[in-house]
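Examination of the molecular architecture
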Amino acid sequence: EDQVTQSPEALRLQEGESSSLNCSYTVSGLRGLFWYRQDPGKGPEFLFTLYSAGEEKEKERLKATLTKKESFLHITAPKPEDSATYLCAVIWSGYALNFGKGTSLLVTP
Amino acid sequence: GAGVSQSPSNKVTEKGKDVELRCDPISGHTALYWYRQSLGQGLEFLIYFQGNSAPDKSGLPSDRFSAERTGGSVSTLTIQRTQQEDSAVYLCASSFNYEQYFGPGTRLTVT
């Protein structure tokens, strides 16, 4: 059973059309939830860490929120350069990241 | 500052050959991780080094996989007798706390 589930698998938005990506997790004893951005042919780029329910973090057009069972990555007025795969990961035991399968975002002009 | 670097960026090898992949972590980061990313499987943890402690090898898929970290810095991932299912992108990450920073990866193709 997957511990981290991301939805949707793929999302197509028009430039300026705000939306949210979802990451739900089933682990207990969450130590941290992480969001990464990955461009084709590159390694994941760190975006945010969230540690406790109610926490929020923002960076440019991105805002990440965390509840006890899920996290949302809100994208406000996206631009084509926001197109990438967004990965969610959790640490619940040890220090290894447990990744979801990602959401592939395409923003068209 | 300099990020995590990996070499080679691409490696093509024949089935049955051994390969070595290298990772240079960010200076000052005490922890180093190896992950594998393949189509349909997502990112999978392989092994974790922290300082001088014994590594966490719980993610290694078989005994053909091994890794070492010399002097608390550079790490080498070795795959012996490569198989076609080993084809993937191998990613290295380093951290000082929980936040892990990834290198560009090595794309391994086993023919």
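Quick caveat: nothing in here was measured; it's all calculated off a predicted structure.

What to know about the overall build of chain B
- In terms of regular secondary structure, chain B is built from zero helices and ten strands.
- Listed by position from the N terminus, the elements making up chain B come as β-β-β-β-β-β-β-β-β-β.
- Taken over C-alpha atoms, the radius of gyration comes to 13 Å for chain B, in line with the 13 Å a tight globule of 111 residues would show.
- With respect to the principal axes defined by its C-alpha atoms, chain B has extents near 35 × 25 × 25 Å.
- Taking all 111 residues of chain B together, 48% fall into the buried category.
- Sequence-distant contacts, at least 24 apart, represent 54% of the contacts inside chain B between residues at least 6 apart.
- Surface accessibility of chain B: about 5,500 Å² in total, with carbon and sulfur atoms responsible for 45%.
- Here chain B holds 10 positive side-chain charges and 11 negative ones, and the gap between their average locations is 4 Å.

Re the sheet that holds strand S7 (residues 75-79) of chain B
All names here are of chain B.
- Read across the sheet, four strands follow the order S1-S3-S7-S6 without closing on themselves; strand pairing throughout is antiparallel. Only two strands of the sheet have a single partner each, and these edge strands are strand S1 (5-7) and strand S6 (65-69). Ignoring strand direction, the axes of neighbouring strands in this sheet form an average angle of 15°.
- Relative to S7, S6 runs antiparallel, the two being bridged by five bridges. Within S7, the residue paired with Ser66 across the bridge is Thr78.

Here we look at the interface of chain B and chain A
- Facing the 17 residues of chain B at the interface are 19 residues of chain A.
- When chain B packs against chain A, close to 1,500 Å² is buried across both sides, 63% of that on carbon and sulfur atoms.
- Per-residue buried area on chain B facing chain A is highest for Leu43, Tyr98 and Phe102 of chain B; these three make up 40% of the total on that side.
- Across the contact surface, chain B and chain A share zero salt bridges.
- Inspection of the region where chain B meets chain A yields five residue pairs in polar contact (both at pLDDT 80 or more).
- The set of elements that each furnish at least two residues to the side of chain B that touches chain A consists of strand S4 (31-38), strand S5 (42-50) and strand S9 (100-102) of chain B.
- Residue contributions to the side of chain B that touches chain A peak at four residues, all from S5 of chain B.
- Classifying every residue of the side of chain B that touches chain A by side-chain character gives ten nonpolar, six polar and one charged.

Some thoughts on the pattern of salt bridges
All names here are of chain A.
- Throughout the structure, instances matching the rule amount to seven salt bridges over all chains.
- A salt bridge links Arg61 to Asp82, with the nearest nitrogen and oxygen atoms 2.9 Å apart. In this pair, Arg61 sits in the loop between strand S6 (56-59) and strand S7 (62-66) while Asp82 sits in the loop between strand S8 (70-75) and strand S9 (84-91), placing the two residues 21 residues apart along the sequence. Comparing Arg61 with Asp82, the two get one shared label, buried.

Parameters and conventions
- Residues numbered from 1 in each chain as written.
- Chains lettered and ligands numbered in written order.
- Predicted model: local features only at pLDDT ≥ 70, side-chain atom pairs only at ≥ 80, totals over all residues.
- Heavy atoms only, no water.
- Helix = DSSP H or I, 4+ residues; strand = E, 2+ residues; numbered from the N terminus.
- Rg over C-alpha atoms; globule rule 2.2 N^0.38 Å.
- Buried < 20%, exposed > 50% of the residue type's maximum accessible area, 1.4 Å probe, protein only.
- Contact = heavy atoms within 4.5 Å.
- Areas by Shrake-Rupley, 256 points an atom, 1.4 Å probe, with all protein chains shown as cover.
- Lys, Arg positive; Asp, Glu negative; His and termini not counted.
- Charge placed at Lys NZ, Arg CZ, Asp CG, Glu CD.
- Pairing = 2+ DSSP bridges.
- Axes fitted to C-alpha atoms, helices over the stretch in contact; angles between N-to-C directions.
- Buried area = accessible area lost by both parts, 1.4 Å probe.
- Salt bridge = Lys/Arg side-chain N within 4 Å of Asp/Glu carboxyl O.
- Polar contact = N/O pair within 3.5 Å; in protein donor to acceptor, adjacent residues only side chain to side chain.
- Nonpolar A, V, L, I, M, F, W, Y, C, P; charged D, E, K, R; others polar.

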